[in-house]
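Chain by chain, the residues run as shown.
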Amino acid sequence: MHPSLPHYISILRKDFTEYCGQKLSEQGLSQGLLYFILYIGKHPGCSHGELSRSLQMDAGHSTRSLTRLVETGFIRRRPNPADKRSCILELTDKGQKAFDLSHDLFDRWEAEVVRGLTQEEHSQLLALLLKILPGERVEPPCMKS
C-alpha cells in the first residue's frame with residue numbers, strides 16, 4: 001500500500017483515541033459523549049435541536065447521549081424560559097471539569113504529534129486540512145473560544 005491521506009488519518013485517529021481513552025474513561029466518559037460536553041460548554045443554553053444539527057447527529061442518538069450525560073451528572077436540562085416546550089442545556093460543575101480536561105488532553109496530544117514541525121509548518125498543516133474538509137467550514141465543537 002502506498003502512503004495515502006486515509007492511511008495517515010486512520011493512524012492519527014487511532015493514536016488520538018488511545019491517548020484520550022484512558023483519561024476519559026476515568027471521568028466516566030467516552031470520546032463520543034465528550035463532543036456533546038464540548039459543544040454545550042461552548043454554547044451554554046443551547047437547545048437539543050441546535051446541538052444535534054451542529055454535531056450532525058440524529059435526534060434519537062443525541063437524546064440517548066444527553067440522557068446518559070444528565071444521569072451521570074455532566075449536564076442539566078432546564079426549561080427554556082422563552083419556549084416552555086423545549087429545554088436548554090448547561091454543564092454542571094462535573095461537566096465543566098470534563099470540558100477543561102478535554103482541552104488539556106487535546107492540547108497535549110497535538111503538541112506531541114506536531115513536535116517535529118516548525119510553527120510555520122504547523123500553521124500550514126492546519127490551513128491545508130481546513131481546505132480539504134468536506135461540507136461547511138465551521139469551527140469544530142472542540143475548538144477553544
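Counting from 1, residues in each chain are numbered in the order their sequence is written. In keeping with the model being predicted, local features are shown solely for residues with a pLDDT of at least 70 and side-chain atom pairs are shown and tallied solely at 80 or more, while totals for entire chains, interfaces and linings include all residues. No hydrogens and no water enter the side-chain calculation; it runs on all heavy atoms of the structure.

Chemist: Any details on the sheet that holds strand β2 (residues 75–80)? Residues and values, ideally.
Modeler: When DSSP finds two or more bridges between two strands, those strands count as paired. Strands are runs of DSSP state E lasting at least 2 residues, helices are runs of H or I lasting at least 4, and numbering of each runs from the N terminus. As summarised here, the arrangement of the 3 strands in space is β1-β3-β2, forming an open sheet in which the pairing is antiparallel. Two strands bound the open sheet, and with one partner strand each, they are β1 (46–47) and β2. In this sheet, strand β3 (residues 83–91) lies alongside β2 in antiparallel orientation, the contact comprising 6 bridges. Among the inter-strand pairings, Asn80 is bridged to a residue of β3, identified as Asp83.

Chemist: Can you break down unusual backbone geometry residue by residue, with the values?
Modeler: Of note, Gln56 is a non-glycine position whose phi angle comes to about 55°, a positive value. As for its position among the elements, Gln56 is in the loop between α3 (48–55) and α4 (59–71). Accessible area is worked out with a 1.4 Å probe on protein chains only. A residue is then buried under 20% of its type maximum, exposed over 50%, and partly exposed in between. Since its relative accessible area comes to 72%, Gln56 is described here as exposed.

Chemist: Talk me through the pattern of salt bridges; I want residue IDs and the actual numbers.
Modeler: One speaks of a salt bridge when a side-chain nitrogen belonging to Lys or Arg is within 4 Å of a carboxyl oxygen belonging to Asp or Glu. Tallied over the full model, the rule gives 6 salt bridges. The shortest N-O distance in the salt bridge between Arg115 and Glu112 comes to 2.7 Å. Each of the salt bridges in this network shares a partner with another, and the network as a whole consists of Arg76, Arg78 and Glu90.

Chemist: Requested: an account of a nonpolar patch on the surface, with residues and values cited.
Modeler: By definition, no residue in a patch forms a salt bridge, and every one has over 30% relative accessible area; like charges are joined within 9 Å, nonpolar side chains (Val, Leu, Ile, Met, Phe, Trp, Tyr) within 5 Å. Calculation of accessible area relied on Shrake-Rupley with a 1.4 Å probe; when residues are assessed, cover is drawn exclusively from the protein chains displayed. The grouping of Leu5, Ile9, Leu117, Leu125, Leu126, Leu129 and Ile132 at the surface amounts to a nonpolar patch, some 580 Å² of accessible area in total. Breaking the nonpolar patch down by element, the ones donating at least two residues are α1 (5–26) and α6 (119–132). Element by element, the count of residues in the nonpolar patch is highest for α6, at 4 residues. Using a relative accessible area of 35% as the deciding quantity, one classes Leu125 as partly exposed.

Chemist: An account of the packing of helix α2 (residues 31–42) against α3 is requested, with residue identities and associated values reported.
Modeler: Closest axis-to-axis distance for the α2/α3 pair is 11 Å, and the angle between their directions is 120°. Pair α2 / α3 crosses with right-handed handedness. Residues Tyr35, Phe36, Tyr39 and Ile40 of α2 form the contact with α3, whose participating residues are Glu50, Leu51, Ser54 and Leu55. When residues are sorted by character, Ala, Val, Leu, Ile, Met, Phe, Trp, Tyr, Cys and Pro go into the nonpolar class, Asp, Glu, Lys and Arg into the charged class, and all the rest, Gly among them, into the polar class. Tallied by class, residues from the contact of α2 with α3 come to 6 nonpolar, 1 polar and 1 charged. Where helices are involved, their axes are fitted lines through C-alpha atoms of the stretch in contact, as for all axes, and angles between N-to-C directions lie from 0 to 180°. Helix crossings fall into two classes, left-handed where the near helix is turned counterclockwise from the far one by less than a right angle and right-handed where it is turned clockwise. By the convention used here, residues are in contact when the closest approach between their heavy atoms is within 4.5 Å.

Chemist: Account for the side chain of Gln31, with residues named and values stated.
Modeler: With respect to the helices and strands, Gln31 occurs in helix α2. The class for Gln31 is buried, based on a relative accessible area of 12%. Under this definition, polar contacts are N or O atom pairs within 3.5 Å; protein pairs additionally need one hydrogen-donor-capable and one acceptor-capable atom, and for neighbouring residues in sequence, both atoms have to be side-chain atoms. Looking at Gln31, its side chain comes within polar contact range of the side chain of Thr17, at 3.3 Å. Look past the residues within four positions of Gln31 in its chain and what remains in contact with it is Arg13, Phe16, Thr17 and Leu24.

Chemist: Account for α3, naming residues and giving values.
Modeler: Restricting attention to buried positions, one finds in α3 the residues Leu51, Ser52 and Leu55. Around the axis of α3, the buried residues are gathered within 100° of arc, so they sit on the same side. Looking at the buried positions of α3, the neighbouring elements they touch are α2, β1, α4 and β3. Within two residues after α3, Gln56 carries a phi angle of roughly 55°, on the positive side. Starting at the helix axis, one direction is taken to each C-beta atom, and the arc is that of these directions.

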